[in-house]
Every structure is written in structure tokens, then in C-alpha cells.
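Chain residues, written in single-letter form:
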Amino acid sequence: VQLQASGGGLVQAGGSLRLSCAASRRTFSSYVLGWFRQAPGKEREFVAAISRNGSSTYYADSVKGRFTISRDNARNTVYLQMNSLKPEDTAVYYCAADLLISSVLVMKDKEYDYWGQGTQVTVSS
């Protein structure tokens, strides 16, 4: 499956952005989807993930209560709504997908087989 992330940009602290990730495959609903981010000089880190039917969501503690992941299987798209953005949210954000990943491993980037190209999010103070 090919993933295309979009929606990044420059925003002031406290603002909002919505990231989108469109997938190429009609079996989109079979994939667990995740968002990860990588700031300059840091390792890639987990942000959020969503189960195949959208009934379960998972968040990093650093974004819980501010970010919301959702999916529209009819549109083959996963979203990341980011509110109350902070300068420390600045990073390149990547969407990822996997067919077989279990719920206990959704925070592990190495468990995902498919990755989008990344979209830059910059939060100014």
C-alpha cells in the first residue's frame, strides 16, 4: 500500500492542524494505521494509532488529550487532528500502516511495513 501524508505547516503555539494520510489500496480497512514523528536530532517516536475498524485508538502520553486520530475507510484516509499545539510538537510526521500488527505493538515503529513520505509540522512560540 502507498501512503501520502499532507496537511503539515507552520502554526503558532496553541493552534491546530489536521494531518491526512491517503492510501492507495482498496483493502485499506484491513490495515492498522499509525502516526509517528521525528524531530531534528531525535529518534522517531510514536504519536497515535488506530485499529482496523476505528474502535480502538492509542496515544503517546505527550499528546493525549490534544491529538485525535480517526479514519475514514470509505475514503482510504487516516487523520490526525492536532490541537493546543506546542513548540515541542515540531517534527516531521509520518503515517504508517501494517496488516498483521497486534494491538500491543502499535507503538513500535519497526512493526509497520508501510510508510508515507512525511509532512513537516512547525510550531512557533
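Everything below is about the structure printed above this text.
Overview of the structure.

Rules used throughout
Residues numbered from 1 in each chain as written. Predicted model: local features only at pLDDT ≥ 70, side-chain atom pairs only at ≥ 80, totals over all residues. Heavy atoms only, no water. Helix = DSSP H or I, 4+ residues; strand = E, 2+ residues; numbered from the N terminus. Rg over C-alpha atoms; globule rule 2.2 N^0.38 Å. Buried < 20%, exposed > 50% of the residue type's maximum accessible area, 1.4 Å probe, protein only. Contact = heavy atoms within 4.5 Å. Areas by Shrake-Rupley, 256 points an atom, 1.4 Å probe, with all protein chains shown as cover. Lys, Arg positive; Asp, Glu negative; His and termini not counted. Charge placed at Lys NZ, Arg CZ, Asp CG, Glu CD. Pairing = 2+ DSSP bridges. Disulfide = S-S within 2.5 Å. Core = buried A, V, L, I, M, F, W, Y, C linked by side-chain atoms within 4.5 Å. Salt bridge = Lys/Arg side-chain N within 4 Å of Asp/Glu carboxyl O.

What to know about the overall build of the chain
Looking only at helices and strands, one finds zero helices and eleven strands in the chain. Against the compact-globule benchmark of 14 Å for 125 residues, the chain has a radius of gyration of 13 Å, which places it among compact chains. Oriented by its inertia axes, the alpha-carbon framework of the chain measures out at about 40 × 25 × 25 Å. For the chain, buried positions account for 45% of its 125 residues. Excluding contacts between residues fewer than 6 apart, the proportion of contacts in the chain whose partners are at least 24 apart in sequence is 58%. Here the chain displays about 6500 Å² of accessible surface, and carbon together with sulfur accounts for 46% of that area. Taking the 14 positively charged and 10 negatively charged side chains of the chain as two groups, their mean positions are separated by 5 Å.

Quick look at the pairing of strand β11 (residues 119–124)
By the alternation rule, side chains of β11 split into Thr119, Val121 and Val123, which are all buried, and Gln120, Thr122 and Ser124, of which none is buried. Bridge analysis of strand β2 (residues 9–12) against β11 gives four bridges, and the strand direction is parallel. In the strand pairing of β11, Val11 is matched with Val123.

A closer look at the state of the cysteines
Here, the word disulfide means a covalent bond between the sulfur atoms of two cysteines. The full count for this structure, using the stated rule, is one disulfide. Paired by a disulfide, Cys21 and Cys95 hold their sulfur atoms 2.0 Å apart. Measuring handedness by torsion sign, the sulfur bridge of Cys21 and Cys95 sits at about 60° and is right-handed. Of the two residues, Cys21 sits in strand β3 (residues 17–23) while Cys95 sits in strand β9 (residues 91–98), which places them 74 residues apart along the sequence.

Brief notes about the environment of Lys108
When you line up the elements, Lys108 lands in the loop between β9 and β10 (114–115). A sequence separation of 73 residues divides Lys108 from Trp35, and the C-alpha atoms of the two residues are 11 Å apart.

Points about the nonpolar core
In this structure, Trp35, Leu80, Met82 and Tyr93 are the most contacted members of the largest nonpolar core, which totals 39 residues. Sorting the residues of this core by element identifies β1 (3–6), β3, β4 (32–38), β5 (45–50), β7 (67–72), β8 (77–82), β9 and β11 as the ones contributing at least two each.

Overview of the pattern of salt bridges
Applying the stated rule across the entire model yields six salt bridges. Among the salt bridges present, the one from Arg37 reaches Glu45, with a minimum N-O distance of 2.6 Å. The exposure class of Arg37 is buried, given its relative accessible area of 5%. Taking the relative accessible area as the measure of exposure, Glu45 reaches 35% and is therefore partly exposed. A salt bridge links Asp61 to Lys64; the nearest nitrogen and oxygen atoms lie 3.1 Å apart. Several salt bridges converge on common partners, so that one network encompasses Arg37, Glu45, Arg66 and Asp89.

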